[in-house]
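Below, each chain spelled out in residue letters.
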Amino acid sequence: MVSQVVPVEPFDLVVFGATGDLAQRKLIPALYHRLADGQMPDTARIIGVARTAIGREEFRAMASKALETHVAAADLTDDLRRRFLDCVDFVRLDVTGDEGWDALREALGRDENRVHAFYMSVAPRFFGSIALGIRKAGLAEGNVRIVVEKPLGHDLESAQALNRQLGKCFSETQIYRIDHYLGKETVQNLMALRFANTLFEPLWNAQYIDHVQITVAENVGIAGRGPYYDTIGAMRDMVQNHLLQLVCLTAMEPPAQFEPDAVRDEKLKVLKALEPLVDPAQVVRGQYRANGESGSYRQDAQNPDSHTESFIALKLGVSNWRWAGVPFYLRTGKRLRNRLSEIVVHFRKVPHSIFQGDHSHLHSNVLAIRLQPDEGITLSVTIKDPGPGGMRLTDTQLDMSFSSGLKRPVHRMPDAYERLVMDVIRGDQTLFMRGDEVEAAWRWSDRVIGGWQGQEAPHPYDAGSSGPEDALMLMHRDGRRWREIAT
Ligand code: NDP
Ligand code: BG6
């Protein structure tokens, strides 16, 4: 099979915070895979930056260890590892000080045509100093991009302040705001499914769709980042960004082109059309309690009185012609029964059944777009049960599982960061959030969060369950039910 990979031009990627978890666990392995697949040229350079007193060789040893830990043994060869580590360099620099920037300038070289990308893999409080440092060091000229990642503020005001801070040093076209959900293969596939097929788009509206469910369930708890997580909770950690982005891609109008501003304009319209959640009954917050071996949220958070939610379910509406009256049910939580992320579109029932007999066991068509695990798309359809016995109807699944459904075998699903980092180098902002999008998402989220201030504590749920009972009621009240988070 001919390689599908389009190599990128040689680049210099500076990773601030290169000794940290995100860089070691995600970025370095992602870049290795891009080199292995022939997309990253051997002349590219990855320049790690941190305060730790190490040199180039020690950092290479650290990167090598990261590869051993996070790349499958079958994909890690001595030759590729050596070629990758040859691209890696290190500069010791405290981003809050003045020293070290000259060394970084030296390491970068002076080729203004070469892409210089600066990835801020550090706490957001450093974004401002890094932006200023880059400018003061004279590194902001030429083909420069900067990459930032959540948390992009903790409310509208702080998100606006961050946008202003970045905007002082860089133009919007240079700023790449990562939401790693947009780099997931199936999320991009949602756009392909909707806009590269004639089949779905004519039905993609209130006339044919009954409701949409979006679930991002995790079986892990918050241990390890407890005290930090306790200051944010599931609404800020997951809904404001990842889940709202999924709502946007599901609900947006077809953009005129698959082009950054065309796509982001349409997503922004969805965010602006989100109905305010004024009815407290439309939001259910939960907090996991101990169950068997699993400790409670409050133990993990080291806060015996915590009122922070580790689970949230909510019902939202999109106020426009396409979606009027179609509820979007969202839920996400930690320590749930299983790890499962999916967007599920439930179509309406046929208006009249011509078949005799009891068909109450039959469902309407359901399109499930599974982000993880086992990425793929299934469509449930009603067919005649094969064999004699008259016109008996049954439900079946058309399974478009990516691991089995493609002509070309998929050896490995690329991690979201592989796609996103290469898009930064290519200069393609389509899968990155624009500043106004982030602000619109906070504007809506702030009102939801404001709505529960001073209210009761989150509802407890057993670790390993599907969340609190009240979350089930959120749908039962409407005569609907959540898809099972199967084990
Ligand atoms: P870590 O705490 O693991 O790493 C922080 C990094 O920043 C270290 O390399 C540290 O190195 C460096 N650093 C800290 N202070 C300075 C300084 N003054 N000058 C230069 N370097 C400094 O954090 P993570 O890697 O987990 O996260 C980084 C950012 O990415 C955070 O904002 C996080 O919220 C976000 N993020 C993380 C994800 C993850 O999976 N980890 C996922 C999504 C977002 P040293 O101490 O040697 O200077
Ligand atoms: C991060 C959240 O943004 O996404 C984490 O901060 C969460 O709390 C993670 O665990 C989930 O990402 P994924 O790709 O594992 O679904």
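See the structure printed just above.
Rules of the game
In every chain, residue numbers begin from 1 and rise along the written sequence. To read the labels, note that chains go from A and ligands from 1, taken in the order they are written. Where totals are concerned, whole chains, interfaces and linings use all residues; where local detail is concerned, this predicted model gives features only for residues with pLDDT of at least 70, and gives and counts side-chain atom pairs only at 80 or more. Calculation of side-chain values draws on the structure's entire complement of heavy atoms; hydrogens and water are dropped beforehand. Working definition: helices are DSSP H or I runs of at least four residues, strands are E runs of at least two. Numbering for both runs from the N terminus. Multiplying 1.5 Å by the residue count of a helix minus one yields the expected span of that helix. Relative accessible area decides the class of each residue, using a 1.4 Å probe on protein chains only: under 20% of the type maximum gives buried, over 50% gives exposed, and in between gives partly exposed. Note on definitions: a residue-residue contact is assigned when non-hydrogen atoms from the two residues lie within 4.5 Å. The term salt bridge refers to a side-chain nitrogen of Lys or Arg lying within 4 Å of a carboxyl oxygen of Asp or Glu. When two rings of Phe, Tyr or Trp (its six-membered ring) have centres within 6.5 Å they constitute a pair, described as stacked for plane angles under 30 degrees, edge-to-face for angles over 60, and tilted for the intermediate range. To sit over a ring, a charge needs its Lys NZ or Arg CZ within 6 Å of the ring centre and within 35 degrees of the ring normal. By definition, two strands form a pair when at least two bridges between them are found by DSSP. Lines are fitted to the C-alpha atoms to define the axes, a helix being fitted only along its stretch in contact, and any angle between axes, read from their N-to-C directions, falls within 0 to 180 degrees. Think of a patch as exposed residues, more than 30% relative accessible area, with no salt bridge, where like charges cluster within 9 Å and nonpolar side chains (Val, Leu, Ile, Met, Phe, Trp, Tyr) cluster within 5 Å. With residues, only the protein chains shown are counted as cover, and all accessible areas are computed by Shrake-Rupley using a 1.4 Å probe.

A.B. asks: How should I be thinking about helix H10 (residues 260-273) in this particular structure?
C.D. replies: An α-helical segment advances 3.6 residues per turn. Residues three or four places apart therefore align on the same side. With 14 residues, H10 extends 20 Å between its outermost C-alpha atoms, agreeing within 8% with the 20 Å of an ideal straight helix rising 1.5 Å per residue. Within H10, 10 of the 14 residues are buried, leaving the element largely enclosed by the surrounding structure. Listed as buried for H10 are Pro260, Ala262, Val263, Arg264, Glu266, Lys267, Leu268, Val270, Leu271 and Ala273. Looking at the buried side of H10, the elements it contacts are helix H9 (233-251) and helix H14 (435-452).

A.B. asks: I tried to follow the pattern of salt bridges on my own but got confused; where do I start?
C.D. replies: Working definition: two side chains of opposite charge can pair if their charged atoms are close together. Inspection of the entire model under this criterion finds 40 salt bridges. Residue Asp237 pairs with Lys334 through a salt bridge whose shortest N-O separation is 4.0 Å. Remark: Lys334 occurs in the loop between strand S10 (328-333) and strand S11 (340-347) and Asp237 occurs in helix H9; sequence separation between them is 97 residues. No difference in accessibility class separates Asp237 from Lys334, as the two residues are buried. For the salt bridge of Asp385 with Arg392, the shortest nitrogen-to-oxygen distance reads 2.8 Å. In this structure, a network of salt bridges that share partners links the residues Lys150, Glu218, Arg225, Asp237 and Lys334.

A.B. asks: Hey, could you run me through the environment of Arg434 in this one?
C.D. replies: Its place among the elements puts Arg434 in the loop between helix H13 (416-426) and H14. In this structure, the C-alpha to C-alpha distance between Arg434 and Ile178, residues 256 residues apart in sequence, is 9.6 Å. In contact with Arg434, other than residues within four places in its own chain, are Glu172, Arg177, Asp261, Arg264, Asp265 and Leu268.

A.B. asks: Any chance you could explain the packing of aromatic side chains here in plain terms?
C.D. replies: Two descriptors summarise a pair of aromatic rings, namely the distance from one centre to the other and the angle between the planes of the rings. Inspection of the entire model under this criterion finds 11 aromatic pairs. Pairing Phe59 with Phe90 gives two aromatic rings, centres 5.1 Å apart and planes at 35°, and the pair type is tilted. With Phe59 in helix H2 (residues 56-70) and Phe90 in strand S3 (residues 88-92), the pair connects residues that are 31 residues apart, well separated along the chain. As far as the burial class goes, Phe59 and Phe90 line up, both buried. With 5.7 Å between their ring centres and 85° between their planes, Tyr288 and Tyr297 make a pair best called edge-to-face. Members of the aromatic cluster, connected to one another through ring pairs, are Tyr229, Tyr288, Tyr297, Phe311 and Tyr461. Looking at Lys184, its charged tip hangs above the ring of Tyr181, at a distance of 4.6 Å from the centre. Over the ring of Tyr288 we find Arg335; its NZ or CZ atom is 5.8 Å from the centre of that ring.

A.B. asks: What exactly am I supposed to notice about the sheet that holds S11 here?
C.D. replies: Through backbone hydrogen bonds, the strands of a sheet pair up, either in parallel or in antiparallel fashion. Strands sit in the order S14-S13-S12-S11-S7-S10-S9-S8-S15 across an open sheet of nine strands; the sheet is mixed. The sheet terminates laterally at strand S14 (393-401) and strand S15 (459-462), the two strands that pair on one side only. Across the sheet, the mean angle separating the axes of adjacent strands is 20° when strand polarity is ignored. Note: strand S13 (residues 376-384) against S14, nine bridges, orientation antiparallel. Within S14, the residue paired with Ile377 across the bridge is Met400. Its contacts with the sheet put helix H7 (residues 185-195) on S11, strand S12 (366-372) and S13, and the angle it makes with S12 is roughly 150°. Lying over the sheet, H14 contacts strand S8 (283-289) and strand S9 (311-316), oriented at roughly 115° with respect to S9.

A.B. asks: It is not clear to me how a nonpolar patch on the surface should be interpreted in this structure. Could you clarify?
C.D. replies: On the surface, a cluster of nonpolar side chains totalling about 300 Å² of accessible area is made up of Ile354, Phe355 and Met391. In this fold, Ile354 is placed in the loop between S11 and S12. Judged by relative accessible area, Ile354 falls into the exposed class, the value being 64%.

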